[in-house]
Amino acid sequence: MSPEPTNANGVAPLLDVRGLTAGYGQVQVLQGLNLRVAQGEVAVILGANGAGKTTTMRAISGMIARKGAITFSGDPMAKRSPDEIVRMGIAQVPQGRGTFTDLTVEDNLRAGAFVRKGADIEADIQEWFDVFPRLRERREQKAGSLSGGEQQMLAIARALMSRPKLLLCDEPSLGLAPIITQELFAVLQRLNAERGLSILIVEQNANLALGIAHSVFVLETGAIVASGTAEEISNNDAVRKAYLGY
Amino acid sequence: MPFHIRESSPLHWVLRIISVSALAALAVYIASDSAPSTLGKITEACTLAIAAVSLNLLLGFNGQISLGHSTFVGLAAFTAGYSVNAWHWNPWVSLGVACLVCFVLGLILGLPALRLKGPYLALVTLAVAFVWPTVARKFLDQTVKASTLKGMRLRPPTWTGLSNNRTDRALFLFWLAIVLLVVTYVIVRNIRKSRIGRSLVAVRDNETAAAVMGVNLAITKTVTFGISAALAGVAGWLAAAQLATLDENSFTILSSIKYLLALFLGGAATLAGPVVGAFSYFFADDLLKTNATKWDFLPGPLSKGPVASFLLGVLVIVFVFIAPYGLVGFIKLQARRVAVVIPRPLRAAPLATESTEHISPAVAGEI
Amino acid sequence: MGHLLQYVLNGLARGSIYSLIALGLVVIYRGTGHLNFAQGEMALFATFGAWWINDHGVPLWLAIMIAAGGAFVVGGVIEFGLIRPAGKKSPFAVVVITIGLFQAFNSLSGLLFKGAATGLPFGTLFPNKPTDFFRLPGGAIWRYEYVGVLVTVLVITALLFLLFQKTKVGLAMRMVANNPDSAKLAGVPTNKILMLSWALSASIGAIGGCLVAGINANVNLGTMFGVFLLASAAATLGGLDSPLGAVVGGLSLGVIESLVTNYPKSWWGSTYIGADTAIAVAFLIILVVLLVRPSGLFGSTRVERV
Ligand SMILES: Nc1ncnc2c1ncn2[C@@H]1O[C@H](COP(=O)(O)OP(=O)(O)O)[C@@H](O)[C@H]1O
Ligand SMILES: [Mg+2]
């Protein structure tokens, strides 16, 4: 088990993170983390509660101060602000969904397109309504009145409204019923398969994650302790014991 | 490497005694050598300090903002002045009554405060401060049939050896102010260091968690409001003793803002902060008022006119950047490089035995 | 009946000014959660600015526009130079700074404009000869200047709502108000939006100040203090994070104030209940409303987490 990240497909990485350190105030949470996401793949970060998964996501998106080398499509982005990072093509669905609860469903989608200009925004809204028909039914409602599953769909649709090249999802399954979670992962898988969207998902639920992942990173106390293809990771005894429980 | 001092160790006590004696010596020196006007100013500063200390209990330690403390101060001053002048009460009795009246009004104001958070509470208490002078004017004028109320004149008791002339009265009032300030300070200090003090802070930091740990929110918050109001009443009584006439316009929102500034400049949620802040604010203001008109080096229109209050505003803003946690916060930060006081471990606090882990996370699994 | 109508109309005019200043408070509060205690005094300074420009021969309406533009810049600079860096220092710092600004702007007005303490004559914005009024049924009259103030404020308010609801900048402001983290993740440069909020708020305040001065035909150092208090009461009544609440709160306060001031007088022929008492009554009503709805009529209640 090597701590160096390998790349499942051997393709030049879309997102390349090296030696990432970040934290809150005096507390350093990430201790030099390395990970890569290739163009067109679904990558998953597995880790227990408090391992630093959310911190990793926030550091990539520029929401907290961080150090290290991060490149996106070869462009360095460790010093960029969150809005610049969105413009580069990375959209994040934060943990707990982060919808704009006081805004209507439709305005949430417009909010997602904030970095874009042009008339095709309205067309995109319609397109995502086609993918998530439940949202169309509720487009005049405030997002806060939606159910958890609907809000998660909305959060994903909103992130996609910026037409990202890479989608970051922080624990999308949190607080959702199992059947809704499966539906959700099916949608993510379809987005990847049909549109070639690259996705980085953070999960505690290893079974679910391994089901759709191409490559997997295991995060423990702020560092990647194992990485490989989904198959390699499922066959790794230590990982299986810790995260799959058999 | 800073020097470590254990709390309440002999060394800590020696340091405490030295600093208290130094302050006492300073007071004696000032008293022996100052004109009545200077003593009067210090008395005024003490009044401000008492008000700031009382506000600190409420805002600093319990997290409830009040812009209405001028009302308590004014109410106490009027209660004292009125009962002494109209009913010929003993002034010392009026101190108790004034505090009691303020305590009750504080409890009453504490009730809406239970429902209201942060800025909403700020604005409601602001409204109280705004309404108070009107109420005072309307209702007191009707009964007293005079445009102003007389303040009360305290005769120095015979055992002090002071006679009833202007100089001696000023001296007596000076010592009285200092005693009242010390008493108020000690009351707040003891509350803060007690178990109740820890529940006050717990409520401030996280109401829900405090409630789960068994703190009665309603009682804690309203009683704190009441005690804080009663202590503000001490300041009002002192003001009534110092002022020849009581004017309802002496106790407006602007006074409340002054208490707030004194508290923040000194350092909220520290014990010494409001006292240090009140004295610094009072004398900075006084210094600017007496001297700034003479500063002809100031550019353009600043060299004439009421420049003092402008400079005070600017000073306040600049100061916040230098010492965002107030003077005491600033001094503590600097002093920490020299010496650190290690707090005593808490004796088994029944508060802490209930673990917060019993709270079930309100994560809804709904669809 | 005629009286009632008249009192309501007059109250609406004054109330509309409260709404405007309250809107300024709400715009800032929504963005940063801060109460700007200097809102009234910043407006006062801008009003003196408009007076000064007007005094130099510029038509009053244009002078007000220029002052509002100046206030826009000053508001932005204050956010960038003072509020933003202070916000990073301590939770109290911003409160103290707005109180410092309150004092600084008031006394600066006194220093820069001779006669400010006693009052300077402010020009009229609308026709205000004794005969300039509409006759309404029931014998009520509606003075042109009250109509003018009300219409001006309603137009500005409508423009602001268009800005909030129909433009991208407005969407960004609503995003920041609702969920600053998600706004950042959606690519909103939140710092710029906060700066814009302060700028906008200052310029709304400037217009409000000029309208007050226009109705009073005078501007002095105390002009904005009472207005600010009532405006903050209006914002509280409506809900500090709700623009609609600010408008409703301001208008209702104006009407309450007018009714409480005038009715007892016409009933008893007494002036025992004066303007001050009217304000006391208004505050009492607000207290009752807040006890029922602790976040105001339209304010949002956010659930607190453990
Ligand atoms: N805002 C914060 N301030 C201080 N510490 C934090 C904050 N957020 C998270 N942490 C700490 O950082 C560590 C990692 O947290 P997080 O990244 O949220 O973990 P995960 O998402 O893997 O559950 C935890 O120990 C947590 O307590
Ligand atoms: Mg997490």
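Above: the structure in question.
Residues numbered from 1 in each chain as written. Chains lettered and ligands numbered in written order. Predicted model: local features only at pLDDT ≥ 70, side-chain atom pairs only at ≥ 80, totals over all residues. Heavy atoms only, no water.

## A few points about helix α7 (residues 178–195) of chain A
Because each turn of an α-helix spans 3.6 residues, side chains separated by three or four positions end up pointing in the same direction. Residues and elements named next belong to chain A. An ideal rise of 1.5 Å per residue puts 26 Å on 18 residues; α7 measures up with 25 Å between its terminal C-alpha atoms. Among all positions in α7, only Ile180, Thr181, Leu184, Phe185, Val187, Leu188, Leu191 and Asn192 are buried. All buried residues of α7 project into a common sector of 150° when viewed along the axis, lining one side. Looking at α7, the residues exposed on the side facing more than 90 degrees away from the buried face are Pro178, Ile179, Gln182, Ala193 and Glu194. In this fold, the buried residues of α7 make contact with β3 (42–47), α4 (120–131), α6 (148–160), β7 (166–170), β8 (198–203) and α8 (206–212). Just downstream of α7 lies Gly196, where phi reads positive at about 70°. (Helix = DSSP H or I, 4+ residues; strand = E, 2+ residues; numbered from the N terminus. Expected span 1.5 Å × (residues − 1). Buried < 20%, exposed > 50% of the residue type's maximum accessible area, 1.4 Å probe, protein only. Arc of directions from axis to C-beta. Contact = heavy atoms within 4.5 Å.)

## Thoughts on a nonpolar patch on the surface
All names here are of chain B. A cluster of nonpolar side chains, namely Phe3, Leu11, Val14, Leu15 and Ile18, defines an oily patch on the protein surface of about 460 Å² accessible area. It is helix α1 (residues 10–33) that provides the largest number of residues to the nonpolar patch, a total of four residues. Looking at the secondary structure, you find Leu15 in helix α1. (Patch = residues over 30% accessible without salt bridge, like charges linked within 9 Å, V, L, I, M, F, W, Y side chains within 5 Å. Areas by Shrake-Rupley, 256 points an atom, 1.4 Å probe, with all protein chains shown as cover. Salt bridge = Lys/Arg side-chain N within 4 Å of Asp/Glu carboxyl O.)

## Quick notes on the nonpolar core
The nonpolar side chains of a soluble globular protein tend to be buried with one another. Residues Trp237(B), Phe122(C), Met175(C), Val188(C), Leu211(C), Leu253(C) and Phe283(C) are the most contacted members of the largest nonpolar core, which totals 201 residues. For this core, the element with the highest residue contribution is helix α2 (residues 36–61) of chain B, accounting for 15 residues. Not counting the four nearest positions on each side in its chain, Phe122(C) is found in contact with Thr47(C), Ala50(C), Trp51(C), Leu60(C), Cys210(C), Ala213(C), Gly214(C), Ala217(C), Asn218(C) and Val219(C). Membership of the second largest hydrophobic core comes to 51 residues, among which are Ala177(A), Phe185(A), Ala226(A) and Ala230(A). (Core = buried A, V, L, I, M, F, W, Y, C linked by side-chain atoms within 4.5 Å.)

## Remarks on the sheet that holds strand β1 (residues 13–24) of chain A
Think of a sheet as strands paired side by side through backbone hydrogen bonds, with each pair either parallel or antiparallel. Residue and element names in this part refer to chain A. Spatial strand order, β2-β1-β4-β5: four strands in an open sheet with antiparallel pairing. Among the strands making up the open sheet, the edge pair consists of β2 (27–38) and β5 (75–76). Inspection of the sheet shows β1 paired to strand β4 (residues 66–72) by six bridges, in the antiparallel sense. By the bridge assignment, Asp16 is partnered in β4 with Thr71. (Pairing = 2+ DSSP bridges.)

## A closer look at the coordination of the magnesium ion (ligand 2)
Residues and elements named next belong to chain A. The coordination sphere of the magnesium ion (ligand 2) contains the protein donors Thr54 (OG1) and Gln95 (OE1), at a distance range of 2.0 Å. Remark: Gln95 occurs in the loop between β6 (90–93) and α3 (105–112) and Thr54 occurs in helix α1 (residues 53–60); sequence separation between them is 41 residues. Overall, Thr54 belongs to the partly exposed group, its relative accessible area being 24%. (Donors = N, O, S within 2.8 Å, 3.2 Å for Na, K, Ca; no water.)

## Describing the side chain of Asp170(A)
All names here are of chain A. Along the chain, Asp170 falls in strand β7. The side chain of Asp170 sits in the buried core without any salt bridge; Lys53 is the nearest counter-charge, 6.7 Å away. A polar side-chain atom of Asp170 sits 2.9 Å from a polar atom in the side chain of Thr54. Excluding residues within four positions of it along the chain, Asp170 makes contact with Thr54, Met57, Val93, Pro94, Gln95 and Val202. (Lys, Arg positive; Asp, Glu negative; His and termini not counted. Polar contact = N/O pair within 3.5 Å; in protein donor to acceptor, adjacent residues only side chain to side chain.)

## Let's talk about the environment of Leu287(C)
Relative to the assigned elements, Leu287(C) resides in helix α11 (residues 275–292). Remark: the alpha-carbon pair of Leu287(C) and Thr236(C), spanning 51 residues in sequence, is separated by 9.7 Å. Beyond its immediate sequence surroundings of up to four residues, Leu287(C) is in contact with Pro112(B) and Val124(B).

## Some remarks on the interface of chain A and chain C
With 23 residues of chain A at the interface, the matching set in chain C holds 18 residues. Contact between chain A and chain C buries roughly 1700 Å² in total, counting both sides, with carbon and sulfur atoms accounting for 62%. Three residues stand out in chain A for area buried against chain C, namely Met63(A), Phe100(A) and Phe114(A), and they jointly supply 37% of the buried area on that side. The salt bridge partner of Asp181(C) is Arg58(A), with a shortest N-O separation of 3.3 Å. Where chain A meets chain C, there are seven residue pairs in polar contact (both at pLDDT 80 or more). When residues of the side of chain A that touches chain C are traced back to their parent elements, those giving at least two are α2 (82–88) and α3 of chain A. Broken down by element, the side of chain A that touches chain C gets its largest block of residues, four residues, from α2(A). Class assignment for the residues of the side of chain A that touches chain C results in ten nonpolar, five polar and eight charged. (Buried area = accessible area lost by both parts, 1.4 Å probe. Nonpolar A, V, L, I, M, F, W, Y, C, P; charged D, E, K, R; others polar.)

## Some remarks on the pattern of salt bridges
On inspection of all chains with the given rule, the structure shows 26 salt bridges over all chains. The partner of Arg204(B) in a salt bridge is Asp205(B), and the shortest N-O contact between them spans 3.0 Å. Measuring nitrogen to oxygen at the nearest pair gives 2.9 Å for the salt bridge that ties Glu79(C) to Arg84(C). In this structure, a network of salt bridges that share partners links the residues Glu106(A), Asp107(A), Arg110(A), Glu122(A), Arg139(A) and Arg174(C).

## Considering the site of ligand 1
Residue and element names in this part refer to chain A. Residues in close proximity to ligand 1 include Tyr24, Val29, Ala48, Asn49, Gly50, Ala51, Gly52, Lys53, Thr54, Thr55 and Gln95, which together make up its full environment. In this structure, an oxygen atom belonging to ligand 1 sits 3.3 Å away from a side-chain N or O atom of Asn49. Gly52 has a polar backbone atom sitting 3.0 Å from an oxygen atom of ligand 1. Notes on ligand 1: free accessible area 560 Å², of which the protein chains cover 58%. In terms of residues, the shell around ligand 1 owes the most to one element, α1, which gives three residues. The class makeup of the residues in the shell around ligand 1 is four nonpolar, six polar and one charged. (Near = heavy atom within 4 Å.)

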